[in-house]
Amino acid sequence: MNQPALPSREILVDIYRRMTLIKQNDERFLAVIKAGQIVAPYYSPRGQEAIPSALSVSLTDQDYICTIYRGFHDMLAKGVPVRMLWAEVAGRTTGTCKGKGGPMHITHPQSGVMVTTGIVGSSMPIANGLALAAQIRGEKRVAVAYFGDGASNIGAFHESLNMAAVWKLPVVFVCQNNGYGEHTRYEIATSAARISDRAAGYQIPGITVDGNDPLAMYHVARQAIERARSGEGPTLIEAKTFRFQGHVFGDADSYMLKGEKEAAMARDPVPAYRKWLIEQGHATEASLAKLEEAINAEISAAVEFALSSPVPDISELRRDVFAQEVLS
Amino acid sequence: MNAAQAQTSKPLNTIQAVNLALDEAMRTDPNVILLGEDIADEQAGGIVGVTKGLSQKYGTSRVRSTPISEQAIIGAAIGAAIVGMRPVAEIMLMNFTAVAMDMIVNHAAKLRFMSGGQTHVPITIRTMTGAGFGTGGQHADYLEAWFAHTPGIKVVAPSSPADAYGLMLACIFDDDPCLFIENMPTYWNPGPAPQPGVRIPLGRANVLRPGTDVTVVSYSRTVADCVAVAEKLSKEGVSAEVLDLRTISPLDMDTVLQSVAKTRRAVIVHEAVKAFGVGAEIAANINEHLFGQLKAPVGRVGAYFSPVPFAKVLETEFVPTPARIEAALRATLK
Ligand SMILES: Cc1ncc(C[n+]2csc(CCOP(=O)(O)OP(=O)(O)O)c2C)c(N)n1
Ligand SMILES: [Mg+2]
């Protein structure tokens, strides 16, 4: 973790705060789902915390993201209120989407989370459109498209990179390469040695970074965001990482290489970064413990809020289909 | 009166009518942008020239020729629409919507609902289709039923230049995604001028020809054939009421039911294949509401259950011919 210009202490701790929020949120989710208090499909992002945390500190609420079913880390890092996230997953009216979207479709424009898609490969074309609007209007906003390694084998990925390149759109493509698409290992499905190599086909910068190294991720993301913001066009970032909980809650992991997951978990980015922050004197044990406690309390309040919120009225089936209700 | 308005006072064809509507929309709202293959003037203003002159007038930032990337085109339109623009995306031919189906069906149509109304996608997808040019099985399908079966997207199919103008304006300024189907073989047919700047409301059928004996429901190209058949039968004393749906979804069943309650006979005509088509939905609705009042089973006329064929003799017979429409009406009147 020896990078040239170290970000400020505030930023360093802010990255940790976001990572911790994601990690704790995940742990609570698994507990609540296991306890049967919430029934919902859950694609855990545990292990991938550093990527959006280190990236989002260089974004504002004015910047946009499009993410995927696994993107709870992306949403939380971008600032979706924890209680609204929980309420949505619980299918309650107080959720981000009034309980009508669910975990795979969290939307929260106030924090810039514009689309969450359950379709592999579909975050990129829409991020382009968000970026296009900013470009046409002369706004300095940036759009980030998050997606997985498997998604880079979808046609829309290639269409999107090409279009963003020829139009120099202010967009950053962030591929979170966790080594698997569902149960299929990267090498079995993907011809490129590195996903970032694919950027060459579109004549845009492509860079592979250790997505579990917050500082490396911070620098790479910052550069790509600045490039986009200054009108120089898109960047493809491949952030290498690993998912600790398999593809979806209940995944048996039988398809993984022996020892692979254990080894990755031993290198858990969250405690590693915590240790580093303290060792380097950027934070104290006490200050981080306090921060963790506050996050824990926030999540507890969110769970309580979600579970005590009302479920939607059946009349919601007619609302938000079109601008005006259509009888059928 | 500006130049565009002056032009609208004389007859025009659908290419000119859509061009005028796009021009009017772009002139009045800077959020209207156009995306599509070959649409800018440097690329000749579209393959039949619908967008001719617009990039010269409004610039290539707003009138963008795109890569041949249907998913990226619709995706870009969706993203821009979510943050307040009103993109008009052209998918050159309706069969090519198949390539962008995920963007249209899973995203454009559903984001309003899935976001709990926080976002919406006011895009218009222009596309053209229709048999008659010998283009065979992948360039002439009517696929409106695919989209009408999807909650959240409006499906609009004008039958005349003036309707194309008014409905196009309505689609662009509608807050929902709209699929706008232009019939290719009749593009060059002239028709009366539209009223400048006037939008035709979506979701409302047009009673094109009043009558009392039988209701004929149609949209897009086949409307003209239905009117012609109605005229022919009027000489035998048959009074046929012709309804042009204009908007396929949301479907204006009220107007259809009102008409059929009066005539007690109905025939639905469309160029799309008959099986599993829009006609089936309308017929089922009529049965649900007017069973017992009908004097004859509801008739349907559509294309054969076959890909669009090439050989002229097959292509001509594939679509609902005036003879088949007439036969269906006569069967209902028996
Ligand atoms: C178009 C499409 N095909 C298949 C699926 C089913 N599916 C859901 S997630 C997934 C794996 C995607 O892998 P990757 O892009 O690497 O993302 P990850 O889940 O690893 O974060 C698949 C195949 C889908 N949702 N969408
Ligand atoms: Mg993956």
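Residue positions are given per chain, counted from 1 along the sequence in the order it is written. Chains carry letters from A onward and ligands carry numbers from 1 onward, assigned in written order. Since the coordinates come from a predicted model, pLDDT governs what is reported: local features require at least 70, and pairs of side-chain atoms require 80 or more to be given and counted, while whole-chain, interface and lining totals use all residues. Working from all heavy atoms in the structure, the side-chain values ignore hydrogens and water.

A. Expanded view of the packing of aromatic side chains. Centre distance within 6.5 Å is the pairing criterion for rings of Phe, Tyr and Trp, where only the six-membered ring of Trp is used; planes under 30 degrees apart are then read as stacked, over 60 as edge-to-face, and the remainder as tilted. As enumerated under the stated definition, the model contains 13 aromatic pairs over all chains in all. Between the aromatic rings of Y43(A) and Y69(A), the centroid separation amounts to 5.1 Å while the plane-to-plane angle is 70°, which identifies the pairing as edge-to-face. Residue Y43(A) is found in the loop between α1 (9-34) and α2 (50-56), and its partner Y69(A) is found in the loop between β1 (64-68) and α3 (72-78); the two are separated by 26 residues along the sequence. Burial here depends on accessible area, computed with a 1.4 Å probe over protein chains only, as a share of the maximum for the residue type. Under 20% is buried, over 50% is exposed, and the range in between is partly exposed. According to the relative accessible area criterion, Y69(A) is buried, its value standing at 14%. With a centroid separation of 6.0 Å and an interplanar angle of 10°, the aromatic rings of Y273(A) and W276(A) are classed as stacked. One end of the pair is Y273(A) and the other is W276(A), both in helix α10 (residues 269-279) and three residues apart, which spans about a single turn. Note on accessibility: Y273(A) and W276(A) belong to one class, buried. By way of ring pairs, the aromatic residues F29(A), Y42(A), F72(A) and W86(A) are connected into one cluster. Placement of a positive charge over a ring is assigned whenever Lys NZ or Arg CZ falls within 6 Å of the ring centre and within 35 degrees of the normal to the ring plane. Just above the ring of F305(A) sits the side chain of R83(A); from NZ or CZ to the centre is 3.9 Å. Of note, R64(B) hangs over the ring of W167(A), and the distance from its end group to the ring centre comes to 4.6 Å. Strands here mean DSSP runs of E at least two residues long; helices mean DSSP runs of H or I at least four residues long; both are numbered from the N terminus.

B. Examining unusual backbone geometry more closely. Residues and elements named next belong to chain B. Here the residue pair S249 and P250 is connected by a cis peptide bond, since its omega of 0° sits within 30 degrees of zero. Tracing the chain through its elements places P250 in the loop between β10 (247-249) and α10 (253-263). Not every positive phi belongs to a glycine, and S220 is a case in point at roughly 60°. If you trace the backbone, S220 turns up in the loop between β8 (214-218) and α9 (222-234). Positive phi values are uncommon outside glycine, yet R264 reaches one of about 60°. Within the secondary structure layout, R264 lies in the loop between α10 and β11 (266-273).

C. Summary view of the nonpolar core. We define the nonpolar core as a collection of buried residues of types Ala, Val, Leu, Ile, Met, Phe, Trp, Tyr and Cys that are connected through side-chain atoms lying within 4.5 Å of one another. Among the nonpolar cores identified, the biggest contains 124 residues, and I74(B), I78(B), I82(B) and I286(B) are the most heavily contacted of them. It is helix α4 (residues 70-82) of chain B that contributes the most residues to this core, nine residues altogether. No fewer than three residues from each of domain 1 (3-186) and domain 2 (206-333) of chain B sit in this core. Setting aside chain neighbours within four positions, we find I74(B) in contact with A89(B), I91(B), A100(B), M103(B), I104(B), I123(B) and I125(B). The next biggest cluster of nonpolar side chains, apart from the first, holds 63 residues, and it includes V13(A), V57(A), L76(A) and M217(A). Bear in mind that the domain bounds are from an automatic or database domain assignment. In what follows, a contact means two residues having at least one pair of non-hydrogen atoms within 4.5 Å.

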